Each structure stands twice: as structure tokens, then as C-alpha cells.
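Here are the chains, one letter per residue:
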Amino acid sequence: MRPRAPDDPRAALPETAPRPSRRHAELGLAFYDVVEPARFPQAILRYRNRPWAERVGLGSLTDADWTRHFGRFEPLPGSFPEPLALRYHGHQFRSYNPDLGDGRGFLFAQLHDLADGRLLDLGTKGSGQTPWSRGADGRLTLKGGVREVLATAMLEALGVETSKSFSLIETGEALERGDEPSPTRSSVLVRLSHSHIRIGSFQRFLALGEPDTLARLLDHTITTYMPEIWKDALPDRAVAFLEAVSRRVARMGAQWMAAGFVHGVLNTDNINVTGESFDYGPWRFLPHFDPDFTAAYFDTNGLYSFGRQPEALFWNLSRLADCLLPLAEQPRLEAVLRGFGPHLQDAFATALFARFGLALAPEEPTHRFVGAFWRFLAESGAPFERVFFDWYGGRASEDRAQASPVAALYRAESFAPVRAALEALEAASPGRLAHPYFAGHAPCTLLIDEVEAIWAPIADRDDWSAFSDKLAAIAGMADAYGTGLEGPGPG
Ligand code: AMP
Ligand code: MG
């Protein structure tokens, strides 16, 4: 943990005390509405994220205090006295919607990551109606909450930079939904995220014709989340910001592709400018490589299918560039956009090597491996996660791969180029293969049938054991990959 400077007024406090903030409120009322949380008939704690609670100094709360803050939203001392529903617009499936905004959530509190000092948000989903609810109930189904807890745990374990599920509390209401057998149970989720400023937050000020307020949001975002890119001239800042977001969004997209993840709803209001993946609705993991694999039943044209995610992110980034046109010269912004493809390629190689536990190699062998691997996945129809599991560490896993139930695929001709490419590559940390996870018979996965099989016993008889077992399995995988936080597993 970072030592405190001797002149820091907090130097007398223990390093594990929370460091709350009200930073977002400095933006003022043009950016949010002060709202009240819903009063729920019940508050049954279903999940608390112990490792991340420790990281923000809230690890020692009793369950009763936890429920007071994250089920009844009693303010966290030092942060906002009342929650803030954030205002934003966005393109949903490419149509512009000026009526978005936090319709069932709010920014509850801000506080710092005690390990690296980053400012983090505690934001909600399902905490009640706001001026942006558009007649809807402001609630989240319990199944929706369970799905987001599972998605975030899995993505974190697979090395994807994602918001964390911080708390899930069942709230005892009966909700009507078109996409779940109804009435269905209700919940309120609290997310821990690195900002909630979306591309849609910028689009709102473009649409309102308020370039000065837009510039204020730009400066707030830079100074709060990326101070290292600050430039004294406004046009230079705007260009540097687009470049930073482009790199971060490219990394996010690359990490999804290497995780076999389909987010499902890549609207501009679901893209955080810090490049942290968030807002998990109809997400799915791929069973096997399939560019047309689509997560959302309502995405009838496959706009946000697995293979089209990079294109969707690029389109969204272009909408952010539109917002910056009043502040910077068009050719400079366009030049930044042209860099997205190369950033994505680089980020994809980095993400793929990380997933395989391989040390990044010089350009040529890296590209050879990436190309060969992708072609193999497409030609063989191999189970996606299995291949990463079987070949973790590359050649060091040769014997494990030969013992795999899909070993025949590795003897096929389509695997020969992958094997040849692996010859030039080394494991990043060969010791990791000694982890019990790699001696298991199968990788940890989270395919749709598994998610449904976790939900069914909860719905039928309030049996949460499959949910806890999966979270424990995911924590084991995170431990093997070195992607999770240290400390006790979730529970
Ligand atoms: P999402 O699909 O969660 O990204 O939400 C898109 C927009 O619809 C956001 O403005 C949400 O706040 C709003 N929204 C979605 N579901 C509800 C609901 N049940 N009640 C109120 N607003 C909602
Ligand atoms: Mg959203």
C-alpha cells in the first residue's frame, strides 16, 4: 500500500481507513439530479465483495452496517449526503436517445482505492425511480443482479478490466418483466467502478449545444481520471483525451475478445471513458469461436455480435470524437480515430498472451501466434475456454494438452501452425502451472446453461449453493491466473 506523505493531514489515520470523496458533486447541478433511494420492504444480503471492500477500507463493516449503507443507502460518512442520478444521453442501437440518464441507479458514494489512490465510484442498479425512469419501475430483478455478480467475477478472473460487483441485496418486491417469468424477485446491486462518465455524458452537452459545459466535463475527467495527459491548450487536451479513451477502449475490446465475452449492449451510454467494462445485461460467453454469436435476444441484426464488437466500439469512439469537434480541429481528431485499429491489434496480442500465460515476444512471432491461433479456433470449432486451459504456458503444457478430451483437435492439421508458433514462445511464469486449477479436469466456464443452472435452484427453493460454488471456482481460477485480489474469497 502506498505510504502516506508526512504532511498528509490523514497521516494519523490508519492506512486501512476509507478515503471518501465528493468529487463528482463539484461538477454541479448541470450534471446530475439529487435523488432519494427507494424504501424496500426487505434487505437480505446475498453477496458482499470482501476483497474489494478491503481495498476501499470497508472490509470491517458488520453485515448490519453493510445493509444499512448498500440496501437502505444511509450515506457513507465523508461522501455525498444524498445520492446523485447522473444525466446522460446516448445512441441505443445507433438511434439517438436524449431521454436516458440514471433511471434506476445513482452515484451513491466516491472513495479512493487504498492501494493505488484511484478515485472509485459506488453506483447502484435497481435503487428506485429518478427523474430519468421514463415511467419504468427503477428496479433490478434478482436474476439480473445475480447475473451481473457472476459476469464481473468471471471477467475479473479472466483479466478483463471491469467494474466490480460490490454488493447484492434482495429487496422483497415482486417485479413484472417481459423477459423473465413474472412476478420475479427484486434486488439492488452496488457496483464499484473507475468512473461513471460515459461517452453519452459528453453527447448530452453536444446535443444541448453547450460547448463550455462540455469543456468543463472534459477537464474534470482528465484531472480526475487521467491527469498524466493534461495539456495547457484546450484543443490539445481534447485530442489527447480522445487518444487516451481510444487506447483504453481498444484494450477493453481486446480483453473481451480474448475472454470470449459478448457484452451484448454496446450503446454509447454503456461505454465508460476510463475504458472499464460495465453494465451487464444480456451478456454471454462464447461456447466456441463464432463471430456471429449474439447475446441479446433483442439484437435481431447482430449489431453487437462477438465479431462486431471492435466495430461497435470504433463507432462509439467516433461519436465521442463528434463531441470534441467544437473544441479541437477535425483532422487531428480523425488522425486519432485512425489509430484505433492498430491499438486494438496491439491490445489483442497483449490480452491473448496474458490469457495463455505467455511472455510477450517480438512483433513477428507475436503476430504469427495470434493469426494462427485465431484461424485454428475458427476452423476447429474447439471449445473456447478449453484451449486456453489446455495450452496455458504454451509448450510447457504439451503433456496436459495431449491428455485433454479434445486432444485430437491438437493433432489435426489446423493446429500445426499454432504449435509451430508456440515453438518461439516462452511461459511468462512457468510456476503457475503447479496451481491445482491446472490439474483439474476442465476449465472454469460460465456458459449460458451454467448461468441458468445456477439461477434455477435460487428461483425454485432459495438454494444459493450453486451460486457460491461457482464464485469459489472463479476465485480459484483467479488465484491460478494471478488476476484476483489477495485475501479471502468472495462470500
Ligand atoms: P441499460 O439497458 O441498463 O443500460 O439502461 C438503459 C436506460 O434505461 C438507462 O437510462 C436506464 O436507467 C433505463 N432503465 C432500464 N431499466 C429501467 C427500469 N426498470 N426503471 C427505470 N429505468 C430503467
Ligand atoms: Mg446502461
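This write-up is about the structure you can find in this document. Each chain has its residues counted from 1, following the order in which its sequence is written. To label them, take the chains in the order written and letter them from A, then take the ligands in the order written and number them from 1. For a predicted model such as this one, the threshold for reporting local features is a pLDDT of at least 70, and the threshold for listing and counting side-chain atom pairs is 80 or more; totals across whole chains, interfaces and linings nevertheless cover every residue. Side-chain figures throughout are based on the complete set of non-hydrogen atoms in the structure, without hydrogens or water.

1. Examining the overall build of the protein
Okay, step 1: Within the protein, the regular secondary structure consists of 16 helices and 13 strands.
Okay, step 2: Relative to a compact globule of 491 residues, whose C-alpha radius of gyration would be 23 Å, the protein shows 23 Å and is just as compact.
Okay, step 3: With respect to the three principal axes, the spread of C-alpha positions in the protein is 60 × 60 × 55 Å.
Okay, step 4: Once local pairs closer than 6 in sequence are excluded, the contacts in the protein between residues at least 24 apart make up 70%.
Okay, step 5: Of the roughly 19600 Å² of accessible surface on the protein, 53% is carried by carbon and sulfur atoms.
Okay, step 6: His is not counted, nor are the chain ends; Lys and Arg add positive charge and Asp and Glu add negative charge. By convention, the charge on Lys lies at NZ, on Arg at CZ, on Asp at CG and on Glu at CD. Computed over 50 positive and 62 negative side-chain charges, the separation of the two mean positions in the protein equals 1 Å. Numbering goes from the N terminus for both helices and strands, where a helix is a DSSP run of H or I of at least four residues and a strand is a run of E of at least two. Computation of the radius of gyration draws on C-alpha atoms, with the globule rule given as 2.2 Å multiplied by the number of residues to the power 0.38. We call two residues in contact when some of their heavy atoms are within 4.5 Å. Calculation of accessible area relied on Shrake-Rupley with a 1.4 Å probe; when residues are assessed, cover is drawn exclusively from the protein chains displayed.

2. Some thoughts on the nonpolar core
Okay, step 1: The biggest cluster of nonpolar side chains holds 91 residues, and the ones touching the most others in it are Val 146, Phe 202, Phe 241, Leu 324 and Phe 467.
Okay, step 2: The biggest single contributor to this core is helix α6 (residues 234-259), with twelve residues.
Okay, step 3: Apart from residues lying up to four places away in sequence, Val 146 is in contact with Leu 168, Trp 455, Ile 458, Trp 464 and Phe 467.
Okay, step 4: Judged by nonpolar contacts, the second largest core, of 36 residues, contains Met 257, Phe 348, Phe 369 and Phe 384. In this text, buried Ala, Val, Leu, Ile, Met, Phe, Trp, Tyr and Cys residues form a nonpolar core when linked through side-chain atoms within 4.5 Å. Burial classes: relative accessible area under 20% of the type maximum marks a residue as buried, over 50% as exposed, and values in between as partly exposed (1.4 Å probe, protein chains only).

3. Some thoughts on the site of ligand 1
Okay, step 1: Residues are classed as near a molecule or strand on a simple rule: at least one heavy atom within 4 Å of it. In the region of ligand 1, 18 residues are neighbours, and Gly 101, Gly 103, Arg 134, Gly 138 and Asp 279 sit closest.
Okay, step 2: Here an oxygen atom of ligand 1 and a backbone polar atom of Gly 103 are 2.7 Å apart.
Okay, step 3: The definition of a polar contact used here is a pair of N or O atoms within 3.5 Å, where within protein one atom must be able to donate a hydrogen and the other to accept one, and adjacent residues in sequence count solely through side-chain atom pairs. Contact distances for ligand 1 include 2.9 Å between an oxygen atom and a side-chain N or O atom of Asp 279.
Okay, step 4: Considering ligand 1 on its own, with 480 Å² of exposed area, one finds that the protein chains cover 80% of that surface.

4. Thoughts on the packing of helix α5 (residues 211-225) against α6
Helix packing for two helices is described by the angle between their axes and how far apart those axes are.
Okay, step 1: Where α5 contacts α6, the two axes come as close as 11 Å, and the packing angle between them is 60°. Viewed along their axes, α5 and α6 adopt a mutual orientation that is oblique. Considering the relative orientation of α5 and α6, their crossing is left-handed. The segment α5 lies against α6, with Ala 215, Leu 218, Asp 219, Thr 221, Ile 222 and Tyr 225 engaging Leu 234, Arg 237, Ala 238, Phe 241 and Arg 248.
Okay, step 2: Each residue receives one of three labels: charged for Asp, Glu, Lys and Arg, nonpolar for Ala, Val, Leu, Ile, Met, Phe, Trp, Tyr, Cys and Pro, and polar for the others, Gly being one of them. Looking at the contact of α5 with α6 residue by residue, the class counts come to seven nonpolar, one polar and three charged. Helix axes use the C-alpha atoms of the stretch in contact, all axes being lines fitted to C-alpha atoms, and the angles between their N-to-C directions lie in the range 0 to 180 degrees. In what follows, roughly perpendicular refers to angles from 65 to 115 degrees, roughly parallel to angles under 35, roughly antiparallel to angles over 145, and oblique to any angle outside these ranges. For a crossing to be left-handed, the near helix must be turned anticlockwise from the far one by less than a right angle; the clockwise case is right-handed.

5. Things to note about the side chain of Glu 385
Okay, step 1: With respect to the helices and strands, the residue Glu 385 is situated in helix α11 (residues 384-390).
Okay, step 2: Only 2.6 Å separates the side chain of Glu 385 from the side chain of Arg 355, close enough to count as a polar contact.

6. Re the pairing of strand β7 (residues 107-112)
Okay, step 1: Extensive coverage of β7 is indicated by the burial of six of its six residues.
Okay, step 2: A pair of strands is considered paired only if DSSP assigns at least 2 bridges between the two. Bridging between β7 and strand β8 (residues 119-125) involves five bridges; their strand directions are antiparallel. Along β8, the bridge assignment pairs His 112 with Leu 119.
Okay, step 3: Two successive antiparallel strands, β7 and β8, enclose a turn made up of six residues, where Gly 117 displays a positive phi of approximately 80°.

By themselves, these are just geometric observations and shouldn't be taken as functional.
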